[in-house]
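Here is what each chain is made of, one letter per residue.
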Amino acid sequence: MQAANPTFTGTASATSAPFATAHIAEFSSRKKTGMLRALGILALIAGEAALIVGIASPYFRDSQARIGSIVIGASAALIGLVFFEAGQRYRQVFVRLFAEGFAITRDHKETSVRWPDVTTIYQAVTKNYYNGVYTGTTYNYTLHTRDGKKHVFNNTIKNIADLGNALQNGVTNALLPGVMQAFNSGQSVQFGPVAVSPLSLSKGPQQVDWINIDKVSVDKGYLKVWERGKRRATFSAPVKAIPNLLVCLEIIDRRVGLSDPKAKRAK
Amino acid sequence: MSGLLQRIVVLVVCTVVAAGLAFGVIYVQGIPIRRAQEAAGRVLGDKASLCSAVVRKDIKTRTRVNFDGKIGIVDAFDGSLYEKYQDALPAERQPAKPDEVRGILCLFDKQSVFGTSKYGNPAKYFCTRFSKDLEGYLLDAETGKLITAHLFYGTDPSDCPETTDSSVTRYGDLPPPDEVAAWFG
């Protein structure tokens, strides 16, 4: 049985041309990072200046003051670098969703991506607890496009959960027909560590035939597969390692049904 | 401009600005010292520079000196007139012009550990007491030759606390000016 790439064989690469339709939703980063960069640059200049004074000034009477200037200067410069780098990485971002794809605007430069041009989407959603108290959820969606570019969306964007769902739906709708066609023609489809074939669901050497599958669930960040008559999951795979998770779950749902409510929610 | 190039440009510009700022600070830092050096030049002439040739040694003696003539007291750290101590000399010891100077007293800072206290068992915090002493080297103003050396003890640092929840340091003060003036008898 031949393995197929779970991607739609669409046309063209990511394009910067605008879409024909108006956008249906807009998302932006939480805060302006210009202030962070400015603070970083100020701290960097002040830190470097203190460092140079500490090293070069002939007017320090005792070595403690000199060492203090060097240590404080180096620390401030390092903090400045970290702030500046954080500001650079998380510059103000706008994401506009369209029926045909999405457009990202960063530093007044817009890049648009059509859904068929996305080859994979990874999601990592982690609920965080501190001493048993829920402290928030971390979202990370990573999309790879045909032209080799990577787009990462995380908690720096407001309403990231909604954006993530929209991205998942857009990519899944674009990829699913091609993947289903490959699957229905007898090919095995690989989703990272998990392979889906017309006869079985497998992870590496661990394989369970569809007719023997009791249930499939998504629980605590893992896709788990139970075989009939077994008390423990036959295998599991971290969701964050599975590209195009919703496409994978759709095939599983159509083949054996997703009885588990969490898996249905994820789908 | 690519991200890497932008970062390099920002780093270079920041470093250039910081260097300018730093040398400005160093210049300003040096203004009072340069003024004091000029003052030393007016009172002591080129004899103020004799201190730069002094070879420091471990001074343990506390001897009195019988030295007649006018004295210039120099802060050996920067070659400036040590006005705090110079002003404490009696009038007959104060030179009005460089020709009158017979001796140059070069004073070097010497910080030493006066005592240490430990807190906790095993020791978790420390209190370190430092004294600020001055090493004095009296030179013949004409020849630059060392006449005698003397260690002027600074005041005792204040006592350590009975208890503490962090490590602390205590510093004493420099020797009182009248003590230095009294040394010449």
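Computed from a prediction, not measured in an experiment: that's the story for all the values here. (Residues numbered from 1 in each chain as written. Chains lettered and ligands numbered in written order. Predicted model: local features only at pLDDT ≥ 70, side-chain atom pairs only at ≥ 80, totals over all residues.)

> Could you give an account of the overall build of chain B, with specific residues and numbers?
Within chain B one finds three helices and six strands. The N-to-C order of helical and strand elements in chain B reads α-β-β-α-β-β-β-β-α. For chain B, the proportion of its 185 residues judged to be buried stands at 24%. Pairs at least 24 apart in sequence give 68% of the contacts found in chain B among residues at least 6 apart. (Helix = DSSP H or I, 4+ residues; strand = E, 2+ residues; numbered from the N terminus. Buried ≥ 20, exposed ≤ 12 C-beta atoms within 10 Å, placed from the backbone. Contact = placed C-beta atoms within 7 Å.)

> Now, about helix 2 (residues 63-89) of chain A: what can you tell me, with residues and values included?
Helical geometry note: an α-helix holds 3.6 residues per turn, so side chains three or four residues apart project in the same direction. Between its first and last C-alpha atoms helix 2 of chain A spans 39 Å; for 27 residues at 1.5 Å apiece the expected length is 39 Å, and the two agree. If you check which residues of helix 2 of chain A are buried, you get Ser69(A), Gly73(A), Ala76(A), Ala77(A), Gly80(A), Leu81(A), Phe83(A), Phe84(A) and Gly87(A). The elements touched by buried residues of helix 2 of chain A are helix 1 (34-56) of chain A together with helix 1 (3-44) of chain B. (Expected span 1.5 Å × (residues − 1).)

> Hey, could you go over the sheet that holds strand 13 (residues 213-219) of chain A for me, with residue numbers and the actual values?
The strands making up a sheet are joined through hydrogen bonds of the backbone, oriented either antiparallel or parallel. Residue and element names in this part refer to chain A. Overall, antiparallel pairing links the three strands, which are arranged 13-14-15 in an open sheet. The open sheet terminates on both sides in strands that have one partner only, identified here as strand 13 and strand 15 (235-238). For this sheet, the mean inter-axis angle between neighbouring strands, taken without regard to orientation, is 15°. By the bridge criterion, four bridges tie strand 14 (residues 222-227) to strand 15 in an arrangement that is antiparallel. If you follow Tyr-222 over to strand 15, its bridge partner there is Pro-238. (Pairing = 2+ DSSP bridges. Axes fitted to C-alpha atoms, helices over the stretch in contact; angles between N-to-C directions.)

> Quick rundown of helix 3 (residues 160-184) of chain A? Include the residues and the values.
Residues and elements named next belong to chain A. With 25 residues, helix 3 extends 34 Å between its outermost C-alpha atoms, agreeing within 8% with the 36 Å of an ideal straight helix rising 1.5 Å per residue. Approximately 40° is the largest bend angle found in helix 3, and it occurs at Leu-176, with the proline Pro-177 only one to four residues beyond. Positive phi appears at Gly-186, one or two residues downstream of helix 3, with a value of about 100°. (Bend = angle between axes of the 7 residues up to and from the residue.)

> Can you break down the packing of helix 3 of chain A against helix 4 (residues 245-255) of chain A residue by residue, with the values?
Residue and element names in this part refer to chain A. The geometry of helix 3 relative to helix 4 is characterised by a closest axis approach of 8 Å and an angle of 50° between their N-to-C directions. Judged by the inter-axis angle, helix 3 sits oblique to helix 4. Considering how the two elements wind past one another, helix 3 and helix 4 form a crossing that is right-handed. Across from Gln-168, Thr-172, Leu-175, Leu-176, Val-179 and Phe-183 in helix 3, the residues of helix 4 making contact are Leu-246, Val-247, Glu-250 and Ile-251. A breakdown of the residues in the contact of helix 3 with helix 4 according to their chemical character gives seven nonpolar, two polar and one charged. (Parallel < 35°, antiparallel > 145°, perpendicular 65-115°, else oblique. Left-handed = near helix turned anticlockwise from the far one by under 90°. Nonpolar A, V, L, I, M, F, W, Y, C, P; charged D, E, K, R; others polar.)

> Pulling in residues and values, what's your account of the sheet that holds strand 2 (residues 25-28) of chain A?
Residue and element names in this part refer to chain A. Reading across from one edge, 2-3-4-5 is the order of the four strands in this open sheet, with antiparallel pairing throughout. The open sheet has two edge strands, strand 2 and strand 5 (109-114), and neither has a second partner. This sheet shows a mean twist of 15° between the axes of neighbouring strands, independent of strand direction. Relative to strand 5, strand 4 (residues 101-106) runs antiparallel, the two being bridged by six bridges. The partner of Thr-105 across the bridge, within strand 5, is Glu-110.

> Describe the nonpolar core, naming the residues involved and giving the relevant values.
By size, the foremost hydrophobic cluster in this structure holds 43 residues, and its most contacted members are Val118(A), Val171(A), Val196(A), Ile242(A) and Cys248(A). Each of domain 1 (7-29 + 100-172) and domain 3 (183-266) of chain A contributes no fewer than three residues to this core. Contact partners of Cys248(A), with chain neighbours within four places excluded, come to Phe191(A), Val194(A), Val196(A) and Ile242(A). One finds Ala48(B), Cys51(B), Ile71(B) and Phe152(B) within the second-largest nonpolar core, a separate group that totals 28 residues. (Core = buried A, V, L, I, M, F, W, Y, C linked by C-beta atoms within 7 Å. Domains from an automatic or database assignment.)

> Go over the pairing of strand 8 (residues 150-154) of chain A with me, naming the residues and quoting the values.
Residue and element names in this part refer to chain A. When strand 7 (residues 133-145) meets strand 8, the two strands line up antiparallel, connected through five bridges. Counted as the bridge partner of Asn-140 is Asn-154 from strand 8. Taking the residues that link successive antiparallel strands as the turn, the strand 7-strand 8 hairpin has four residues, and the phi of Gly-148 there is positive, at about 85°.

> Provide a residue-level description of the pairing of strand 1 (residues 70-75) of chain B, including the pertinent values.
All names here are of chain B. Taking burial as the measure, the six residues of strand 1 include five buried ones, the bulk of the element. Relative to strand 3 (residues 101-119), strand 1 runs parallel, the two sharing six bridges. Bridge pairing links Asp-75 to Leu-107 in strand 3. The hairpin formed by strand 1 and strand 2 (residues 80-81) contains four residues between the paired strands, and Gly-79 there has a positive phi angle of roughly 75°.

> Can you explain the interface of chain A and chain B? Please cite residues and give values.
Counting residues at the interface gives 14 residues for chain A, matched by 18 residues for chain B. Put simply, the parts of the chain that give the side of chain A that touches chain B at least two residues each are helix 1 and helix 2 of chain A. Tallied by class, the residues present in the side of chain A that touches chain B amount to nine nonpolar, two polar and three charged.

> Give me the confidence of the model for chain B: which residues, what numbers.
Averaged over every residue, the pLDDT of chain B is 89; residues scoring 70 or more account for 97%. Listed scores for the predicted complex are pTM 0.54 and ipTM 0.71. (pLDDT = per-residue confidence, 0-100.)

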